[in-house]
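Residue-level listing of the chains:
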Amino acid sequence: MRRANLMIGAVTAAGILAASPAGAEEPSGKQLYDLFCTQCHGVNGDGWGLNTGDIRVLPRDHTEKAEMAARTDDHLFKAIKHGGTAVNKSNLMPAWDANMTDAEIRRVVAYLRELCDCSAD
Amino acid sequence: MWGQPRRGPWTSLLFAALLATSGQAGAADSKAFVEGECAQCHTLEKPAEFTVERMLNREAPDLYYAGNKFRREWLVEWLQEPKRIRPAGTYFGQNVVMGDERDIVPDDKLEPHPAYSAEEAEKAAEYLMTLRPYDDLIAEASYQEKPVSGMMGKMNFGKFKGCDACHQPTPGTGGLSGPEVHTAFARATPEFLFSFIKNPQAWEPRTFMPNPGLNDGEVNKLVNYLRFLSEE
């Protein structure tokens, strides 16, 4: 059974509130995560997204505190911007540099820190 | 030509005028039909802004470049007997819920597309095929038909390029967030497929398809594999 994480619910609500009317111009980290990341990493970020039924390498669980804390913000930024192969991980994690600006990727990294409720060690 | 009866100049002019009027009426009728039937869910005009918010709220695929994308004969057939192309809907996030093992799309979440008569389907296709804001992108696409090995194509589509993480190359295999691709070559022109795979953001800056960063040869291999899949 997967965790129905109350903390994530709170984070989600905070994310929605953060999406102000100016959201059309500046999407929040959560909005970007929802659009680009949840298809594999799951709606609550636990790595069990819609696409994991027939996938060769399971996506990372972004709610796993210890694993996420072991990665710096720059490492996460690089993995998102240039894809899994840029950090010696699976090519199933694509490069998102055409989908998001650097500033937007930084907001996704900040959202990842909310999901794991952690900062880099 | 073809043994037509001879007509005087005035008769010819009148005939031409009548033809033009009926053509215009047909086009107007076709446009009105599409606007009445499709516009509630589909975007028929190029958006003023391409935003993340638009993508999160989009109810159906954009049709404003339908004429740059579809094969007319496929459109006419599909509109009479629509089959789901995007297993999780246009934007999966609107339909996905947490399941016991992984995220799922509940069976009752997705609405079927309405089916139309042959006459209505022809009418819709007539207008949709006139929507061509991206002729320039299509003109740049350098697709070359080449033979493809099914086994190598599968390995390339899957293991090497990772496309199957989001797309189904055959029914029941692959990912669910993107459109299935086993009918892609039947529904879209090779030039569209080439152009979209090469640079998805040129078509929709906020698409959730990543840019795979491929050269023309690599894109050609994928499009030819899609052709192979459609012939299976």
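Residues numbered from 1 in each chain as written. Chains lettered and ligands numbered in written order. Predicted model: local features only at pLDDT ≥ 70, side-chain atom pairs only at ≥ 80, totals over all residues. Heavy atoms only, no water.

### Here's the deal with a nonpolar patch on the surface
On the surface, a nonpolar cluster with roughly 300 Å² of combined accessible area is contributed by B:Met152, B:Met155 and B:Phe160. Here B:Met152 is to be found in helix α7 (residues 150–160). (Patch = residues over 30% accessible without salt bridge, like charges linked within 9 Å, V, L, I, M, F, W, Y side chains within 5 Å. Areas by Shrake-Rupley, 256 points an atom, 1.4 Å probe, with all protein chains shown as cover. Salt bridge = Lys/Arg side-chain N within 4 Å of Asp/Glu carboxyl O. Helix = DSSP H or I, 4+ residues; strand = E, 2+ residues; numbered from the N terminus.)

### Describing the packing of helix α4 (residues 73–82) of chain A against helix α5 (residues 102–116) of chain A
Residues and elements named next belong to chain A. With their axes 9 Å apart at the nearest point, α4 and α5 run at an angle of 125° to one another. Classified by the angle between their axes, α4 and α5 sit oblique to one another. Crossing handedness for the pair α4 and α5: right-handed. Along the contact surface, α4 presents Asp 73, Asp 74, Leu 76, Phe 77, Ile 80 and Lys 81, while α5 presents Asp 102, Ile 105, Arg 106, Val 108, Val 109, Leu 112 and Arg 113. (Axes fitted to C-alpha atoms, helices over the stretch in contact; angles between N-to-C directions. Parallel < 35°, antiparallel > 145°, perpendicular 65-115°, else oblique. Left-handed = near helix turned anticlockwise from the far one by under 90°. Contact = heavy atoms within 4.5 Å.)

### Description of the packing of helix α4 (residues 72–80) of chain B against helix α5 (residues 118–128) of chain B
All names here are of chain B. Put simply, α4 and α5 touch, their axes get as near as 8 Å, and they point 140° apart. Accordingly, the angle class assigned to the pair α4 and α5 is oblique. As α4 packs across α5, the resulting crossing turns out to be right-handed. Between α4 and α5, the residues in contact are Arg 72, Leu 75, Val 76, Leu 79 and Gln 80 and Ala 118, Ala 121, Glu 122, Ala 124, Ala 125, Glu 126 and Leu 128, respectively. In terms of residue class, the contact of α4 with α5 is built from eight nonpolar, one polar and three charged. (Nonpolar A, V, L, I, M, F, W, Y, C, P; charged D, E, K, R; others polar.)

### So, unusual backbone geometry
Residue and element names in this part refer to chain A. Located in the positive-phi region is Asn 88, a residue other than glycine, with phi close to 60°. Of note, Asn 88 is situated in the loop between α4 and α5. Of note in this structure, Asp 117 is not a glycine but carries a positive phi near 50°. As for its placement among the helices and strands, Asp 117 is situated in the segment after α5.

### Considerations on the pattern of salt bridges
Tallied over the entire structure, the rule returns 20 salt bridges over all chains. Among the ionic pairs, A:Asp117 bridges to A:Lys65, the shortest N-O distance being 3.7 Å. With A:Asp117 in the segment after α5 and A:Lys65 in helix α3 (residues 65–69), the pair connects residues that are 52 residues apart, well separated along the chain. Classification of A:Lys65 as partly exposed rests on a relative accessible area of 45%. For B:Glu231, the salt bridge identified is with B:Arg227, shortest N-O distance 3.5 Å. (Buried < 20%, exposed > 50% of the residue type's maximum accessible area, 1.4 Å probe, protein only.)

### Considering the interface of chain A and chain B
At the interface, 35 residues of chain A touch 39 residues of chain B. Carbon and sulfur atoms make up 54% of the surface buried where chain A meets chain B, a total of about 2,900 Å² over both sides. If you sort the residues of chain A by the area they bury against chain B, A:Arg2, A:Leu35 and A:Leu50 come out on top, with a joint share of 24%. At the surface where chain A touches chain B, the tally comes to two salt bridges. Residue A:Glu104 pairs with B:Arg206 through a salt bridge whose shortest N-O separation is 2.5 Å. Applying the counting criterion to the chain A and chain B interface returns 17 residue pairs in polar contact (both at pLDDT 80 or more). (Buried area = accessible area lost by both parts, 1.4 Å probe. Polar contact = N/O pair within 3.5 Å; in protein donor to acceptor, adjacent residues only side chain to side chain.)

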